[in-house]
Amino acid sequence: MSSVSKGNYYKRKTKAWYEKRGYVCEYGEFTCSIALGRGTIYRKIDIFGADVICMDGKEIIFANSKATDEFREDGVSKMKSEAKIKFSKYPFPPGVKKQVVVWQPREEPEVFDL
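Residues numbered from 1 in each chain as written. Predicted model: local features only at pLDDT ≥ 70, side-chain atom pairs only at ≥ 80, totals over all residues. Heavy atoms only, no water.

Participant: Lay out the overall build of the chain in plain terms, naming residues and giving numbers.
Facilitator: A count of helical and extended segments in the chain gives two helices and seven strands. Listing the helices and strands of the chain from first to last along the sequence gives α-β-β-β-β-β-α-β-β. The 114 residues of the chain split such that 35% are buried. In the chain, the proportion of contacts linking residues at least 24 apart, taken out of those at least 6 apart, comes to 54%. Surface exposure of the chain reaches about 7,300 Å², of which carbon and sulfur atoms provide 55%. Each charge sign in the chain was given a centre, from 21 positive and 16 negative side chains, and these centres are 4 Å apart. (Helix = DSSP H or I, 4+ residues; strand = E, 2+ residues; numbered from the N terminus. Buried < 20%, exposed > 50% of the residue type's maximum accessible area, 1.4 Å probe, protein only. Contact = heavy atoms within 4.5 Å. Areas by Shrake-Rupley, 256 points an atom, 1.4 Å probe, with all protein chains shown as cover. Lys, Arg positive; Asp, Glu negative; His and termini not counted. Charge placed at Lys NZ, Arg CZ, Asp CG, Glu CD.)

What follows is the structure in structure tokens.
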């Protein structure tokens, strides 16, 4: 499985996980095309560092989904620090939740507030 298809898989899985809990979700990315002399390449860019943006009438969540094949604790902490770096680029207001959803093989996700 390529890294792009793996990322898309976990992004869809994260959206479905939040929707099961009563949230309305949309993907938080757009595709940008870059013209080169020999063709065009496409690049996905996250909106405010989030893969999924969810809300339920009481709160808004910007979620970044991550997957790790490592069953060790440092695999999870690595994913948390990557998401923290992405979210730190933007000035979120105090009432907005920033979460990282870490998926490990054959397990329910671990959700961390940042």
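Further notes follow.
Participant: I'd like to hear about unusual backbone geometry, residue by residue, with values.
Facilitator: If you check the backbone angles, phenylalanine 48 has positive phi at about 55° while not being a glycine. Tracing the sequence through the fold places phenylalanine 48 in the loop between β3 (39-46) and β4 (52-55). Using a relative accessible area of 44% as the deciding quantity, one classes phenylalanine 48 as partly exposed.

Participant: Run through the nonpolar core, naming residues and quoting values.
Facilitator: Counting residues in each nonpolar core, the largest one holds eleven residues, listed as Tyr10, Trp17, Tyr18, Tyr23, Cys25, Val52, Cys54, Ile61, Ala63, Val101 and Trp103. Mapped by element, the contributors of at least two residues to this core are α1 (3-20), β4, β5 (60-67) and β6 (97-103). Setting aside anything within four residues of it in sequence, one finds tyrosine 10 in contact with Ser65, Ala67 and Trp103. Membership of the second largest hydrophobic core comes to six residues, among which are Val76, Ala83, Val100 and Val102. (Core = buried A, V, L, I, M, F, W, Y, C linked by side-chain atoms within 4.5 Å.)

Participant: Tell me about the packing of aromatic side chains, and name the residues and values.
Facilitator: Enumeration according to the criterion identifies ten aromatic pairs in this entry. Relative to tryptophan 103, the ring of tyrosine 10 lies with its centre 6.3 Å away and its plane at 40°, an arrangement referred to as tilted. Of the two residues, tyrosine 10 sits in helix α1 while tryptophan 103 sits in strand β6, which places them 93 residues apart along the sequence. Here the aromatic residues Phe48, Phe62, Phe87, Tyr90 and Phe92 are joined through ring pairs into a cluster of three or more. For the cation-ring pair, lysine 11 lies above tyrosine 27, with the distance from its terminal atom to the ring centre recorded as 5.0 Å. The ring of tyrosine 27 carries lysine 15 above its face, with NZ or CZ at 4.9 Å from the centroid. (Phe/Tyr/Trp six-rings, centres within 6.5 Å; stacked < 30°, edge-to-face > 60°. Lys NZ or Arg CZ within 6 Å of the ring centre and 35° of its normal.)

Participant: Pulling in residues and values, what's your account of the confidence of the model for the chain?
Facilitator: For the chain, per-residue confidence averages 86 on the pLDDT scale, and 95% of positions sit at 70 or higher. Element-level mean pLDDT values for the chain span from 77 in helix α2 (residues 73-87) up to 95 in β4. (pLDDT = per-residue confidence, 0-100.)

Participant: How would you sum up α1? Please name residues and give values.
Facilitator: Residue pairs three or four apart in sequence face the same way in an α-helix, which turns once every 3.6 residues. Relative to the 26 Å expected for 18 residues at 1.5 Å per residue, α1 spans 26 Å between its end C-alpha atoms, a close match to the ideal helical length. Just past α1, the residue glycine 22 takes up positive phi, approximately 95°. (Expected span 1.5 Å × (residues − 1).)

Participant: With reference to specific residues and values, describe the environment of threonine 40.
Facilitator: On the secondary structure map, threonine 40 appears in strand β3. Put simply, threonine 40 and serine 5 are 35 residues apart on the chain and 20 Å apart in space, counted from C-alpha to C-alpha. Residues contacting threonine 40, with those up to four places away along its chain left out, are Ser33, Ile34 and Ala35.

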